[in-house]
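Structural features, examined
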Amino acid sequence: MLPVKTNVNSSSAPLAPCLPDQASALLALKHSFNTTNGDSTTFQSWVVGTDCCSWDGVRCDRRDGRITYLDLGGRQLQSSSLEPALFGLSSLNHLDLSGNDFNNSQIPATGFERLTELRYLNLSDTNFAGSVPAGISHLKNLVYLDLSTSFYVVDFDNENHVMYYTSDSIWQLSVPKLDTLLADLTNLEELHLGMVDLSSNGPQWCDYVARLSPKLQVLSLPYCSLSGSICKSLSSLRSLRVIALHYNHLSGSVPEFLASFPNLTVLQLSTNKFEGWFPPIMFQHKVLQTVDLSENHGISGILPTFPQTSSLENLFVKSTNFSGTIPISINNLKSLKKLSLGASGFSGILPSSMGELESLELLEVSALQLVGSMPSWISNLTSLTVLQFFYCGLSGPIPSSIANLRELTKLSLYNCNFSGKIPPHLSNLTRLQTLLLHSNNFAGTVQLSVFSKMQNLTVLNLSNNELHVLDGENSSSSMSFPKLEFLRLASCRMSSFPEILRHQGKIKGLDLSDNQINGSIPSWAWEIWNGSHMFLLNISHNMFSSIGSEPLLPVHIEYFDLSFNNLEGPMPIPRDGSVTLDYSSNQFSSMPLYFSKYLTGTSFFKASRNSLSQNIPPSICSAVRSLELIDLSYNNLSSSIPSCLMEDVSALQVLSLKANNLVGELPDNIKKGCALEVLDFSGNLIQGKIPRSLAACRNLEILDIGSNQISDSFPCWMSTLPKLQVLVLKSNKFTGQVLDPSYNTEDGNTCEFTELRIVDIASNNFSGPLPVGWFKMLKSMMIRSDNETLVMENQYYHGQTYHFTAAITYKGNKMTITKILTTLVLIDISNNALYGTIPKAIGDLVLLHGLNMSHNALGGSIPVQLSNLKNLESLDLSSNELYGEIPQELASLNFLSTLNLSYNMLSGRIPQSPHFSTFSNSSFLGNNGLCGPPMSNQCRNQSETSLPYDSEKNSADVLLFFFTALGFGISFSITVIVILGRQR
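Being a predicted model, the structure only gives us computed values, none of them experimental.

Conventions used here
- Residues numbered from 1 in each chain as written.
- Predicted model: local features only at pLDDT ≥ 70, side-chain atom pairs only at ≥ 80, totals over all residues.
- Heavy atoms only, no water.
- Phe/Tyr/Trp six-rings, centres within 6.5 Å; stacked < 30°, edge-to-face > 60°.
- Helix = DSSP H or I, 4+ residues; strand = E, 2+ residues; numbered from the N terminus.
- Buried < 20%, exposed > 50% of the residue type's maximum accessible area, 1.4 Å probe, protein only.
- Polar contact = N/O pair within 3.5 Å; in protein donor to acceptor, adjacent residues only side chain to side chain.
- UniProt positions renumbered as here; feature names shortened; annotations may be inferred.
- Lys, Arg positive; Asp, Glu negative; His and termini not counted.
- Salt bridge = Lys/Arg side-chain N within 4 Å of Asp/Glu carboxyl O.

**A few points about the packing of aromatic side chains**
The final tally for this structure, using the stated rule, is 35 aromatic pairs. On the numbers, 4.3 Å between centres and 15 degrees between planes, the contact of Tyr120 with Tyr144 is stacked. With a gap of 24 residues between them, Tyr120 in strand β6 (residues 120–122) and Tyr144 in strand β8 (residues 144–146) connect regions that are remote in the sequence. Judged by centre distance (5.8 Å) and plane angle (40 degrees), the ring pair of Phe156 and Phe535 falls under tilted. One end of the pair, Phe156, is in the loop between β9 (151–155) and β10 (161–165); the other, Phe535, is in strand β36 (residues 533–538), and 379 residues separate them in sequence. Relative accessible area serves as the criterion here: at 4%, Phe156 is assigned to the buried category. On the accessibility criterion, Phe535 (11% relative accessible area) is buried. Among the aromatic residues, those joined into a cluster by ring pairs are Phe33, Phe43, Trp46, Trp55, Phe102 and Phe128.

**Points about the side chain of Asp511**
Counting through the fold element by element, Asp511 comes out in strand β34 (residues 509–511). Taking relative accessible area as the criterion, Asp511 reaches 3% and is therefore assigned buried. One polar contact links Asp511 to Arg488, side chain to side chain, over a distance of 2.7 Å.

**Let's talk about the UniProt feature "domain: Leucine-rich repeat-containing N-terminal plant-type" (unreviewed entry) in the chain**
Mapped onto this structure's residue numbering, the UniProt feature "domain: Leucine-rich repeat-containing N-terminal plant-type" (unreviewed entry) falls at residues 20–61. Span residues 20–61 is 31% helix and 14% strand, its end C-alpha atoms 14 Å apart.

**A closer look at the side chain of Lys606**
Within the fold, Lys606 resides in strand β44 (residues 604–606). Among buried Asp, Glu, Lys and Arg side chains, Lys606 stands out as unpaired, with Asp582 the closest opposite charge at 4.7 Å.

**Considering unusual backbone geometry**
In this structure, the amide linkage connecting Pro933 to the following residue, Pro934, adopts the cis form with an omega of 10 degrees. Locating Pro934 in the fold gives a position in the loop between β67 (929–931) and β68 (961–965). The phi torsion at Met195 lies on the positive side, around 65 degrees, for a residue other than glycine. Residue placement: Met195 occurs in the loop between β12 (190–192) and α3 (205–212). Residue Met195 is classed as buried on the basis of its relative accessible area, which comes to 2%.

Here it is, written out as structure tokens:
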């Protein structure tokens, strides 16, 4: 806080009392607050008739009786708006209203410009909304400006994080034009705008600050939706002491000129998108106390030799791309209190010199390639309050010496290889609030009662070990159990609902998934939870048969997972709302009828593989504006698709209605701003055409409408969708040519699918020759992008991963790919009426793994260019009219595991190679002119030919198909369900 000059006459002249108009303004301000809330002592001294210069929080200039100082900060008072009478105090140079609630009202548009003497203005944590008024920009004497909203993040465990903030919503206060705000504030030394929306300023925000605030010492702009990079012009602000830009979208590299700022003590850049090399010299800065680079996955660097003169107190490089070793000189950081080392690039060991960091309070080690047991020097760090080892290779038991760390409030040892029994001496850590031991190899039986000594414990996670967790032995042990907020016992071999929960009225998160619990949730549980706000309730993968309550549950549950149980009847819904609802793989018979009332804030709604029938309830339309994912696949839903599910979907990303009995046509009034990424309507009875308004869905990656009754032509118009990767049209009534002559120009830019990797148009009525130009346009099958993720998926709230799926035809068989790898490249045009020759241009599609052209009328010879497809694993050209010899070059396709050239008119010698000899004669049947192994027909000197062999071929029943792709740098397996029918 800046010192405030108060003009007090030191002569013997009498002190001027508070002027009446000043007192009146203060009393009006007092009456604008709700005095029943907040600090009840705030206005006790504010009594009519007394000298207001002696009132609490008030100072005056004793020469004229005018108020110069008003501090009501942190009083937690409430008001509907800011009282305009305040602006009559025109001599104010210090105004602090922070920590009071102005009920989401706007800062008055006029008034602040009258406070021309103001040097200090603090409106932080006041719950104001709207735009910052122009009047503040006229305060030319302002040295300190704080309009920020405070926030902090609570980590219950690695999956559950809650952000708390002091306003009604995020970014409710905004500065559309930062340059206008700062234009006359040239004396500003501290600028605090945390959680103020600055997004409309774009990357220019940095130049505005550098150019207009030359005296700036503190720049604090966390959670402001900043973009762009740290600009070069910021180098002119050499007086900067604090740079806090965390929780933004900043990119680029961290400039080295920051190391030349002589007074820099805090560099807080966490949770951004910075990349490139971080200058090691920053760690050797003499006065720098805090460096936080965590959660910048693209930033790289090394830890240098630390000097003995270092002032570092906080060092965070978690979730970065740092590499190298941890230097032995780390023990020179005598003032270090918090150390977070979490970069997978680090190698070597943790140096024993770390045991000399006697002031260390927090040690976090994650993602390091460590082996062996926990270092013995850990027990020397007796000041530790937080110790975390996670996602590491440490193994063995928890050492008994850990009990020496009596100050510990958080112990996290998860996702490592720790083993043995959970040691009883952990119960001696009586200050412990959080204990996370999940995802290790701990074994044995654990009685929950052993944690009763830890009366401060609020978070306990024992999930995913080899433990057998037993409930408390009696009611007295349950009553003495610590009051938990988060309890996670997933995969703990439990067979009954824990009785220990009878006395857990503060529970916010409960995970009992992947156990053997059957029956019903006890009614007493819902009585305890009545009216509560739960972040997590996960009872999935059990054998529950009843929810134990009426369908309308008396609770708010952010993440509610009931999947993979035996639950029946109507779906239960939390009365007070939910963000994620997963009902999949049960026997529910009906959906919630009151989406509009209870589910308007739901983002993730999954109810696949149930017994839902009848119609999709119209009330779902009221929730579409918030829903990001809807999965109702594998049910018995009938009727048509509600138009709202496609027509106004600015939030909806995934819509899966596959394997139902839906009829009618697809809605065709899709509006601009469509956010859809996945549309899966396969396996229904839908008719009509593909809606042309689907062109508005610019983010669409997967369209699967296979196995319907759609009558249309090939959708060249969809080539305008820049992200489309998977197109499945199989088993419909499509007709015409794949590339209509009206599109068939040599450059073919009107049908160029730039990202398409999987095309399945099998089992339709496409006809005509194969378009050479179209194959030349499949660029994504020729060159692999370096920026691809491995799996096509989306991440949702609470770490929920939704894998995209597609039902395709492979070798004429139906299969569902449950996890689509971005490296998988397939073309299936089988079972159509295509003719002509196979284009040589297919040989340019070098990323292909599967090519199926069977059951057409293709003629000519097999082009030798197919030998260029070195990644090819499956080739099916069967049941065509191909003739001539099999190119000998095909024998070089070393990763070809499935080959079918049967029922053509091929002749000559079958290519011979060790790999080609692995194919059976079924790959070549129906070609009477072929000779040599594996055929019984031996080759003679002259070539042999045969007439085409026609046969009706029956298929076999196959339950499981295991697809293994090798040869393109990645091995992967896909489990698919295959249904084989009679070939056409």
